[in-house]
Amino acid sequence: MTETLTATKVAVTRDDLIDFVYAEARMLDEGRFDEWLTLWATDGMYWMPLEWNQQDPILETSLLYEDQFMLRLRVERLNGARTFSQKPKSRCLHVLNRPDVDLIDNEAGRYKVVTRMIYVETRLDEQFELAITATHDLAWQDGLKITQKRVDILNCDAAFGNIQLLP
Amino acid sequence: MHYPETREAMAALVQPQQVHRDLYISPEIYRLECRHLFSNCWLYVGHDSQVPKKGDYYTTQLADQPVIMVRHTDDQVHVLYNRCPHKGTKIAIDRTGNTGKFFRCPYHAWSFKTDGCLLAIPLKKGYEGTGLDQAEAGRGMTPVGAVHNYRGFVFARMAPEGIPFDEFFGDSLSSLDNMLDRSPAGRLEVVGAPLRYMHKCNWKMLVENQTDTCHPMVAHESSAGTAVKIWESMDKPEGTPTPPAMEIIAPFMSPYEFFEKMGIRTWPNGHGHTGVHHSIHSKYSEIPGYMDSLIAAYGEEKAKAILGENRHNTVYFPNIMIKGPIQQLRNFIPLGADKTLVESWIFRLVDAPDELLARTAMYNRMINAPTSMVGHDDLEMYERAQEGLHSQGSEWVNVQRLYEEGEDFDEEAVLNGTTERQMRNQFHAWLKFMTAGMPPSTPRGKGATKEAAE
């Protein structure tokens, strides 16, 4: 992955990374899921731990730990004709705090951005909010791509009803 | 609607082919269930691997009752009501911890041994001559009626008197045995926290759904059906292995015939399972080294017999389900007529390869998380039913698929996998344990007095 980068000179800035995180959230809020899928590295994983400070996504239960096949399934399901839990559809809104850029490594083409946000999801008469910390691990692969998005929910150990869209 | 606490009143709600909607929507029926049904049955409390050391405790709910499961100094697991006998303060509210040799109430420092016995009260002379030893408070923390630790699985019956553990479960324990025997050491251990998924519906809808084999290909078409379509449309070189996600989700789209032939077995007292002959778990890929470790532990014949069972969902009446091939236990904790907390637990097979646990954890999050595409459609159906049942369209819920005249639920039976007999079996058990302590009918005039008094 990172080999591609040595050929081209990359100079990703702090603003580029912050813009990326805002753009991703906006795609989700506007339901532009197909476009959202293009933001991912082919081996990118979306991880939402079940436990606070969870370290292992494989041998412990998580809320989500999904590869590109599963994310594509999620998106196609949201668009499907017989997706009963999405009749009517949910809407969501990400209200972002200023992202912290924790790593800019243009040599290796590796970046890390940590963003605190309030996630709001609604359907019919129900609405709920989640306080979350999103950690984006990004890599330069002819553009910025997500290699892992980790979403930590402040009350990850609480009992939830359906969380149908993507925080 | 007011229900007298009589067998007559309860029996009127359960007919052979249909049950009254009040079993799902009436807060009064829920209160009666808590007082009678959940008290008279053996309920799952937790697993003893959650309290490995003396003084370790775990707090949970048995229906509406808060309890503490704790390992006592004699190494036995005790189950106590989570209430200080003094003022009612919950003794522990963290989900797990270690209390050492005794519990100490944080309000007035009354302390109790880990079997519940009163140990000490500060300034005890204030109780001298007051008859505290005769008072209920003087007896310490109250234990539940009976506790049974079955190969690590801890069950409790809240009623002091009632059906013994072995009689309640009978041959249905073969499903728990199969799940346990899948460990070369014959032992399971809880892994991590459970998924906690809140359902705004009655607990029985979830239990019934466990053996409802006519819903997966309909309700889950959007997830399982779409998964199959995507997978078929992808460019795959010959011999591309099926990814684990597909192994798990695709069988949900199996045709009716698959589910008809997989079979359902019912046992007395409301227990039963789908997947007698095969199940959606039958075709999982082999994990290298696993069979060898089972053969080393049990011999070839028994090892093959253990993995030859692929039971789908086993319902242990009233409110848990286990999946042997997945090492999963789901606890449907009733919090109200229209509120159920679903906890989905996973277990490690001691001495088995980690790949099995990886599959178990994947299954849990893919199918049973609040973020699960499969879970979303199930919950949507339950909540629509919970709302729909309030309509005046009908007062009854139908359970008559493949009904046969004169069904005897006290006999084990194996039938077509799409029968609703297991649901009828559950209602038969519901009536039995709901009314075990009730008089047949209200003596003339007495009901009216009681109602007036209330």
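Residues numbered from 1 in each chain as written. Chains lettered and ligands numbered in written order. Predicted model: local features only at pLDDT ≥ 70, side-chain atom pairs only at ≥ 80, totals over all residues. Heavy atoms only, no water.

### A look at the sheet that holds strand β8 (residues 111–113) of chain B
Residues and elements named next belong to chain B. The condition that has to hold: We call two strands paired when DSSP finds no fewer than two bridges between them. For the purposes of this entry, the term helix denotes a DSSP run of H or I that reaches at least four residues, the term strand denotes a run of E that reaches at least two, and both are numbered from the N terminus. Lines are fitted to the C-alpha atoms to define the axes, a helix being fitted only along its stretch in contact, and any angle between axes, read from their N-to-C directions, falls within 0 to 180 degrees.
Reading across the sheet, the 3 strands line up as β7-β8-β9 and stay open at both edges, with antiparallel pairing between neighbours. Pairing within the sheet leaves two strands with one partner each, and these edge strands are β7 (102–104) and β9 (118–120). Ignoring strand direction, the axes of neighbouring strands in this sheet form an average angle of 35 degrees. Pairing of β8 with β9 involves 2 bridges; the strand directions are antiparallel. Bridging across to β9, Phe-112 finds its partner in Leu-118.

### Thoughts on the packing of helix α4 (residues 68–78) of chain A against helix α14 (residues 373–388) of chain B
We count it as follows: Small angles under 35 degrees read as roughly parallel and large ones over 145 as roughly antiparallel, with 65 to 115 read as roughly perpendicular and the rest as oblique. Contacts between residues were defined by any pair of non-hydrogen atoms, one from each residue, lying within 4.5 Å. Think of it as three bins: nonpolar holds Ala, Val, Leu, Ile, Met, Phe, Trp, Tyr, Cys and Pro, charged holds Asp, Glu, Lys and Arg, and polar takes everything else, Gly as well.
Packing of α4 of chain A against α14 of chain B brings their axes to within 11 Å, and their N-to-C directions diverge by 30 degrees. As judged from the angle between their axes, α4 of chain A and α14 of chain B are roughly parallel. Each of Met-70, Leu-73, Arg-74 and Arg-77 of chain A in α4 of chain A lies in contact with α14 of chain B, whose residues at this interface are Met-373, His-376 and Asp-377 of chain B. Classifying every residue of the contact of α4 of chain A with α14 of chain B gives 3 nonpolar, 1 polar and 3 charged.

### Looking at the nonpolar core
For the record, the criterion: To define a nonpolar core, start from buried Ala, Val, Leu, Ile, Met, Phe, Trp, Tyr and Cys residues and group those joined through side-chain atoms within 4.5 Å. Exposure categories follow from relative accessible area, calculated using a 1.4 Å probe and restricted to protein chains: below 20% of the type maximum is buried, above 50% is exposed, and the middle band is partly exposed. For the domain bounds, the source is a domain assignment made automatically or taken from a database.
Of all hydrophobic cores here, the largest spans 85 residues; its most connected members are Met-10, Tyr-24, Leu-37, Phe-153, Phe-155, Leu-176 and Trp-430 of chain B. Taken together, domain 1 (44–150) and domain 2 (174–434) of chain B each give at least three residues to this core, which thus spans both. Here Phe-155 of chain B is in contact with Trp-42, Leu-43, Tyr-44, Val-45, Ala-146, Val-147, His-148, Phe-165, Phe-169, Leu-176 and Ile-320 of chain B, once residues within four sequence places are set aside. The next biggest cluster of nonpolar side chains, apart from the first, holds 44 residues, and it includes Val-10, Val-113, Tyr-119 and Ala-134 of chain A.

### A closer look at the sheet that holds strand β17 (residues 328–336) of chain B
All names here are of chain B. Spatial strand order, β12-β18-β17-β16-β15-β14-β13-β20: 8 strands in an open sheet with antiparallel pairing. Looking at strand neighbours, the two that pair on one side only are β12 (188–199) and β20 (413–415), the edges of this open sheet. Taking each pair of neighbouring strands and ignoring which way they run, the sheet shows an average axis angle of 20 degrees. Here 8 bridges tie β17 to strand β18 (residues 339–349), and the two strands are oriented antiparallel to one another. Looking at β18, one finds that Phe-332 is bridged to Val-342. Here helix α13 (residues 354–368) sits on the sheet in contact with β12, β16 (320–323), β17 and β18, set at roughly 165 degrees to β18. Most of the contacts of helix α15 (residues 421–434) go to strand β13 (residues 264–266), to which it runs at about 15 degrees, and overall it touches β13, β14 (272–274), β15 (314–316) and β20.

### Section: the pairing of strand β4 (residues 65–71) of chain B
Residue and element names in this part refer to chain B. Across the 7 residues of β4, 5 count as buried, placing the element largely inside the fold. Taken together, the 6 bridges between strand β3 (residues 56–62) and β4 define a ladder with antiparallel strand orientation. Across the sheet, residue Thr-59 finds its bridge partner in β4, namely Ile-68. Hairpin geometry of β3 and β4 is characterised by an intervening segment of 2 residues between the two adjacent antiparallel strands and by a positive phi of about 55 degrees at Ala-63. Turn length for the β4-strand β5 (residues 77–81) hairpin, with the two strands adjacent in sequence and antiparallel, is 5 residues, and the turn residue Asp-75 shows positive phi of about 80 degrees.

### With respect to the packing of aromatic side chains
Residues and elements named next belong to chain B. Put simply, the rule is: Working definition: a ring pair exists when centres of Phe, Tyr or Trp rings (six-membered ring for Trp) sit within 6.5 Å. Plane angles under 30 degrees give stacked, over 60 give edge-to-face, the rest tilted.
Within this structure, the stated rule accounts for 21 aromatic pairs over all chains. Ring centres of Phe-155 and Phe-165 lie 5.6 Å apart, and the angle between their planes is 55 degrees; this geometry places the pair in the tilted category. Pair noted here: Phe-155 is in strand β11 (residues 153–157) and Phe-165 is in helix α4 (residues 165–169), with a separation of 10 residues, a long-range link. Assessed through its relative accessible area of 2%, Phe-155 is described here as buried. We classify Phe-165 as buried; its relative accessible area is 3%. Among the aromatic residues, those joined into a ring-pair cluster are Trp-42, Tyr-44, Tyr-150, Phe-153, Phe-155, Phe-165, Phe-168, Phe-169, Tyr-316, Phe-347 and Phe-433.

### What about the domain arrangement of chain B?
All names here are of chain B. Counted only if it meets this: Accessible-area loss on putting two parts together, using a 1.4 Å probe and summing over both, is the definition of buried area adopted here.
Taken domain by domain, chain B holds domain 1 (44–150) and domain 2 (174–434). Taking the mean C-alpha position of each, domain 1 and domain 2 sit 35 Å from one another. With 11 residues of domain 1 at the interface, the matching set in domain 2 holds 15 residues. Approximately 1000 Å² of surface area, both sides summed, lies buried where domain 1 meets domain 2, with 59% of it carried by carbon and sulfur atoms.

### Quick notes on the interface of chain B and chain A
Rules: A carboxyl oxygen of Asp or Glu within 4 Å of a side-chain nitrogen of Lys or Arg is what we treat as a salt bridge. Nitrogen and oxygen atoms within 3.5 Å of one another constitute a polar contact, given that in protein one can donate a hydrogen and the other can accept it, and given that sequence-neighbouring residues count only through two side-chain atoms.
Across the boundary between the two partners, chain B contributes 44 residues, which contact 35 residues of chain A. Taken together, the two surfaces of chain B and chain A that pack against each other cover about 3300 Å², and 60% of this comes from carbon and sulfur. The largest per-residue losses of area from chain B upon contact with chain A belong to Arg-365, Thr-371 and Met-373 of chain B, which jointly make up 22% of the total buried on that side. Inspection of the chain B/chain A interface yields 4 salt bridges. In this assembly, chain B and chain A are joined by 18 residue pairs in polar contact (both at pLDDT 80 or more). Every element with two or more residues in the side of chain B that touches chain A is listed here: β12, α7 (216–219), α8 (221–233), α9 (244–249), β18, α13 and α14 of chain B. In the side of chain B that touches chain A, the residues fall into 26 nonpolar, 9 polar and 9 charged.

### Examining helix α3 (residues 27–40) of chain B
Residue and element names in this part refer to chain B. The test is simple: Here the expected span of a helix is defined as 1.5 Å times the quantity of residues minus one. Note on bend: at a given residue it equals the angle between the axes fitted to the 7 residues ending there and to the 7 starting there.
Helix length check: α3, at 14 residues, gives a terminal C-alpha distance of 19 Å against a target of 20 Å (1.5 Å per residue), a fit within 8%. For α3, the principal kink sits at Glu-33 and spans about 45 degrees. Of the positions making up α3, those classed as buried are Glu-28, Ile-29, Tyr-30, Leu-32, Glu-33, Cys-34, His-36, Leu-37, Phe-38, Ser-39 and Asn-40. Capping of α3 at its N-terminal end is provided by Ser-26; its side-chain oxygen lies 3.2 Å from the backbone amide nitrogen of Glu-28.

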